[in-house]
Amino acid sequence: MIDFSGSQSKADLHRYLRDAREALLWKLEGLSEYDARRPLTPTGTNLLGLVKHLASVELGYLGDVFARPSGIPLPWIADGAEPNADMWATAEESREFVVDLYRRAWAHADATIDALPLETVGTVPWWPEERREITLHHAVVRVIADAQRHAGHADILRELIDGSVGMREDNPALPETDAAWWRSHRAHLERTAREA
């Protein structure tokens, strides 16, 4: 029998959050400092910036919202910070610093998830007043959605950088083919797009 109690639901949510976290960090492995930081879209999306952003998201939604501040300073989201400062790492913010920040955010968020029931209500101060109250369940789902969305961005960025693809090192989630097949497949898609 399937257990839809709070503990099983919490475990399921937590697993999907952990999967997204690990997938995102895996996309940094083996890259140069430049490739980890380089902007690959017109809006500057980059791998290390995605990690920094998600650390901030977890500390906010799974910490501050439930009156569990981490004490970790986040000057890039403070009043007066440069717009979009959470989406890129400064030269002074090393890869190790950003990855460590993300892992500390995980630990803090995990402690919140472990400590509170899913129906616990928190307050999101940066949301409009009429909808500021949310449950822990809502917050965890929101963080998972954001983490999975950005893990997808990271998939594309990494493929653009060096052709590496896949969900995880042990699970590429793609058909087993060779580079020639992919070139042929891409050419077929290009022809189809032009014919449409």
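Residues numbered from 1 in each chain as written. Predicted model: local features only at pLDDT ≥ 70, side-chain atom pairs only at ≥ 80, totals over all residues. Heavy atoms only, no water.

Peer 1: Residue-level account of the overall build of the protein chain, with values.
Peer 2: A tally of regular secondary structure across the protein chain gives six helices and two strands. Counted from the first residue to the last, the protein chain has its helices and strands arranged as α-α-α-α-β-β-α-α. Counting only C-alpha atoms and orienting by the principal axes, one finds that the protein chain spans roughly 55 × 50 × 35 Å. Of all 196 residues assigned to the protein chain, the portion counted as buried reaches 39%. Counting only contacts in the protein chain whose residues sit at least 6 apart along the sequence, the fraction spanning at least 24 positions is 72%. Summed over all atoms, the accessible surface of the protein chain reaches about 11600 Å², with 55% contributed by carbon and sulfur. When the 22 positive and 32 negative side-chain charges of the protein chain are each reduced to one mean point, those points stand 3 Å apart. (Helix = DSSP H or I, 4+ residues; strand = E, 2+ residues; numbered from the N terminus. Buried < 20%, exposed > 50% of the residue type's maximum accessible area, 1.4 Å probe, protein only. Contact = heavy atoms within 4.5 Å. Areas by Shrake-Rupley, 256 points an atom, 1.4 Å probe, with all protein chains shown as cover. Lys, Arg positive; Asp, Glu negative; His and termini not counted. Charge placed at Lys NZ, Arg CZ, Asp CG, Glu CD.)

Peer 1: Tell me about unusual backbone geometry, and name the residues and values.
Peer 2: Glycine aside, a negative phi is what most residues show, and trans is what most peptide bonds show. If you check the backbone angles, Ala67 has positive phi at about 55° while not being a glycine. Inspection of the secondary structure assignment puts Ala67 in the loop between helix H3 (47–61) and helix H4 (95–115). The backbone phi angle of Asn84 is positive, close to 70°, even though this residue is not glycine. When you line up the elements, Asn84 lands in the loop between H3 and H4. Under the relative-accessibility criterion, Asn84 is labelled partly exposed at 46%.

Peer 1: Hey, could you go over the nonpolar core for me, with residue numbers and the actual values?
Peer 2: Among the nonpolar cores identified, the biggest contains 48 residues, and Leu28, Tyr61, Leu62 and Tyr102 are the most heavily contacted of them. Once residues within four sequence positions are removed from consideration, Leu62 is found in contact with Leu17, Val57, His108, Ala109, Thr112, Ile113, Leu136, Ala139, Val140 and Val143. (Core = buried A, V, L, I, M, F, W, Y, C linked by side-chain atoms within 4.5 Å.)

Peer 1: How would you explain the packing of aromatic side chains if you had to name every residue and give the values?
Peer 2: On inspection of all chains with the given rule, the structure shows five aromatic pairs. Centre to centre, the rings of Tyr102 and Trp106 are 5.1 Å apart; their planes meet at 70°, and the pair counts as edge-to-face. Pair noted here: Tyr102 and Trp106 are both in helix H4, with a separation of four residues, about one helical turn. For the pair Tyr102 and Trp106, a shared accessibility class is recorded, and that class is buried. Each residue in the set Tyr61, Trp126 and Trp127 is aromatic and connected to the rest through ring pairs, giving one cluster. The cationic tip of Lys52 hangs over the ring face of Trp76; the distance from NZ or CZ to the ring centre is 4.4 Å. Stacked on the ring of Trp127, the Lys or Arg Arg131 has its end atom at 5.0 Å from the ring centre. (Phe/Tyr/Trp six-rings, centres within 6.5 Å; stacked < 30°, edge-to-face > 60°. Lys NZ or Arg CZ within 6 Å of the ring centre and 35° of its normal.)

Peer 1: Please give an account of H4 that cites residues and values.
Peer 2: Over its 21 residues, H4 extends 30 Å from the first C-alpha to the last, a length consistent with the 30 Å expected when each residue adds 1.5 Å. By the burial criterion, the buried members of H4 are Arg95, Val98, Val99, Leu101, Tyr102, Ala105, Trp106, His108, Ala109, Asp110, Thr112 and Ile113. (Expected span 1.5 Å × (residues − 1).)

Peer 1: Give a description of the packing of H3 against helix H5 (residues 136–162) that names residues and reports values.
Peer 2: For the pair H3 and H5, interaxial distance at closest approach is 10 Å and the crossing angle is 175°. Compared by their axis directions, H3 and H5 come out roughly antiparallel. Packed against H3, whose contacting residues are Leu47, Leu50, His53, Leu54, Val57, Glu58 and Tyr61, the element H5 presents Ala139, Arg142, Val143, Asp146, Ala147, His150, His153, Ala154, Leu157 and Ile161 at the interface. Its residues assigned to classes, the contact of H3 with H5 comprises eleven nonpolar, three polar and three charged. (Axes fitted to C-alpha atoms, helices over the stretch in contact; angles between N-to-C directions. Parallel < 35°, antiparallel > 145°, perpendicular 65-115°, else oblique. Nonpolar A, V, L, I, M, F, W, Y, C, P; charged D, E, K, R; others polar.)

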